[in-house]
Amino acid sequence: MGKKFWFLGILILFISLFFDAYILGYIADNRIIELNEIIKNFSIITNGFFSLIIVGLIVLYFKRKLIFRFLIGFGITAMLVYLIKIAVRRTRPFDVVPLIFNESGFSFPSGHAVFAFFCLGFIWKDFKKFRYFWLIMAIMIAFARSYVGIHYLSDLIGAMLIGLFLGDFFRKKKIFKL
């Protein structure tokens, strides 16, 4: 992921801030009632622990030597997400769209999406068999968070950028010489 990718990502993030309410309203207006419960449950199930377990098992089974980097990186990412949420203090979009379910805490960045994209960034170069599967999974996780009405698009784009950057960083970073 080169400089153009990051520049474009940050540009899209800033542009999305102007259209957050409109896009979220459009998604809410076009919900499919029969899918609401399915997407709600998918959104609940696919939290950070889901990503940790699924991708952690893939890393452990196929490239055991990277598991320590993965676990340390995941833990540091969790702490950074918590600190960013407290620093930004963006409220959830309760006043913009009707919710399918309620969630507490701050909105930016989406923790679910950060963890999904952290995993994608971590496995992208070394786990080619799984990267497109996990790309689809990460996109579905992010979309579900917006569909149920608890995240703006910019929360998800920011989460994607943070997750991809940290996942790629910890995949390359030698933490200790073990």
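See the structure shown above.
A few points on the structure. What you see is a predicted model, and the numbers here were worked out from it, not measured in a lab.

1. Some words on the overall build of the protein chain
Piece 1. When helices and strands are counted, the protein chain shows 7 helices and 0 strands.
Piece 2. Each helix and strand of the protein chain, ordered N terminal to C terminal, gives the series α-α-α-α-α-α-α.
Piece 3. For 178 residues, the compact-globule estimate of 2.2 N^0.38 gives 16 Å, and the protein chain sits close to it at 16 Å.
Piece 4. Principal axes of the C-alpha set define a box for the protein chain whose edges measure 50 × 35 × 25 Å.
Piece 5. Counting only contacts in the protein chain whose residues sit at least 6 apart along the sequence, the fraction spanning at least 24 positions is 81%.
Piece 6. In the structure as shown, the protein chain presents an accessible area of about 10,100 Å², 72% of it carried by carbon and sulfur atoms.
Piece 7. The average position of the 22 basic charges and that of the 9 acidic charges among the side chains of the protein chain differ by 19 Å.

2. Observations concerning unusual backbone geometry
Piece 1. Backbone torsion omega between phenylalanine 108 and proline 109 reads -10°, so that peptide bond is classified as cis.
Piece 2. Tracing the backbone shows proline 109 in the loop between α4 (67-88) and α5 (111-123).
Piece 3. Unusually for a residue other than glycine, arginine 89 sits at a positive phi of about 55°.
Piece 4. Turning to its location among the elements, arginine 89 is positioned in the loop between α4 and α5.

3. Side note on α5
Piece 1. With 13 residues, α5 ought to run about 18 Å at 1.5 Å a step, and its terminal C-alpha atoms sit 18 Å apart, in line with that.
Piece 2. Counting buried positions along α5 gives 13 out of 13 residues, so the element sits mostly inside the fold.

4. Some words on the packing of aromatic side chains
Working definition: an aromatic ring pair is given by the centre-to-centre distance plus the angle between the planes.
Piece 1. Enumeration over the complete set of coordinates arrives at 15 aromatic pairs.
Piece 2. When the ring of phenylalanine 169 is compared with that of phenylalanine 170, the centres are 5.1 Å apart and the planes differ by 85°; the resulting orientation is edge-to-face.
Piece 3. On the basis of relative accessible area, phenylalanine 169 is assigned to the partly exposed category, the value being 35%.
Piece 4. For phenylalanine 170, a relative accessible area of 6% translates into the label buried.
Piece 5. Among the aromatic residues, ring-to-ring pairing joins Phe70, Phe74, Phe115, Phe118, Phe122, Phe165, Phe169 and Phe170 into one connected group.
Piece 6. When the ring centre of tyrosine 147 is taken as reference, the NZ or CZ atom of arginine 31 above it lies at 5.8 Å.
Piece 7. For arginine 131, the ring lying beneath its charged end belongs to tryptophan 124, and the centroid distance is 4.6 Å.

5. Examining the environment of lysine 174
Piece 1. Of note, lysine 174 is situated in the segment after α7 (153-172).
Piece 2. Sequence separation between lysine 174 and arginine 69 is 105 residues; the distance between their C-alpha atoms is 7.4 Å.

6. As for the environment of glycine 158
Piece 1. Summarising the element assignment, glycine 158 is placed in helix α7.
Piece 2. For glycine 158, a relative accessible area of 3% gives the class buried.
Piece 3. In sequence terms glycine 158 and isoleucine 72 are 86 residues apart; their C-alpha atoms lie 21 Å from each other.
Piece 4. The contact partners of glycine 158, leaving out residues within four places of it in the chain, are Leu13 and Phe108.

7. Examining the pattern of salt bridges
Piece 1. Tallied over the entire structure, the rule returns 6 salt bridges.
Piece 2. The residue arginine 90 makes a salt bridge to aspartate 20 at a minimum N-O spacing of 2.7 Å. Residue arginine 90 is found in the loop between α4 and α5, and its partner aspartate 20 is found in helix α1 (residues 3-29); the two are separated by 70 residues along the sequence.
Piece 3. For aspartate 20, a relative accessible area of 2% translates into the label buried.
Piece 4. Residue aspartate 168 pairs with arginine 171 through a salt bridge whose shortest N-O separation is 2.9 Å. With aspartate 168 and arginine 171 both in helix α7 and 3 residues apart, this pair spans about one turn of that helix.
Piece 5. Residue class for aspartate 168 comes out buried when judged on its relative accessible area of 11%.
Piece 6. Under the relative-accessibility criterion, arginine 171 is labelled buried at 10%.

Rules used in this analysis
Residues numbered from 1 in each chain as written. Predicted model: local features only at pLDDT ≥ 70, side-chain atom pairs only at ≥ 80, totals over all residues. Heavy atoms only, no water. Helix = DSSP H or I, 4+ residues; strand = E, 2+ residues; numbered from the N terminus. Rg over C-alpha atoms; globule rule 2.2 N^0.38 Å. Contact = heavy atoms within 4.5 Å. Areas by Shrake-Rupley, 256 points an atom, 1.4 Å probe, with all protein chains shown as cover. Lys, Arg positive; Asp, Glu negative; His and termini not counted. Charge placed at Lys NZ, Arg CZ, Asp CG, Glu CD. Expected span 1.5 Å × (residues − 1). Buried < 20%, exposed > 50% of the residue type's maximum accessible area, 1.4 Å probe, protein only. Phe/Tyr/Trp six-rings, centres within 6.5 Å; stacked < 30°, edge-to-face > 60°. Lys NZ or Arg CZ within 6 Å of the ring centre and 35° of its normal. Salt bridge = Lys/Arg side-chain N within 4 Å of Asp/Glu carboxyl O.

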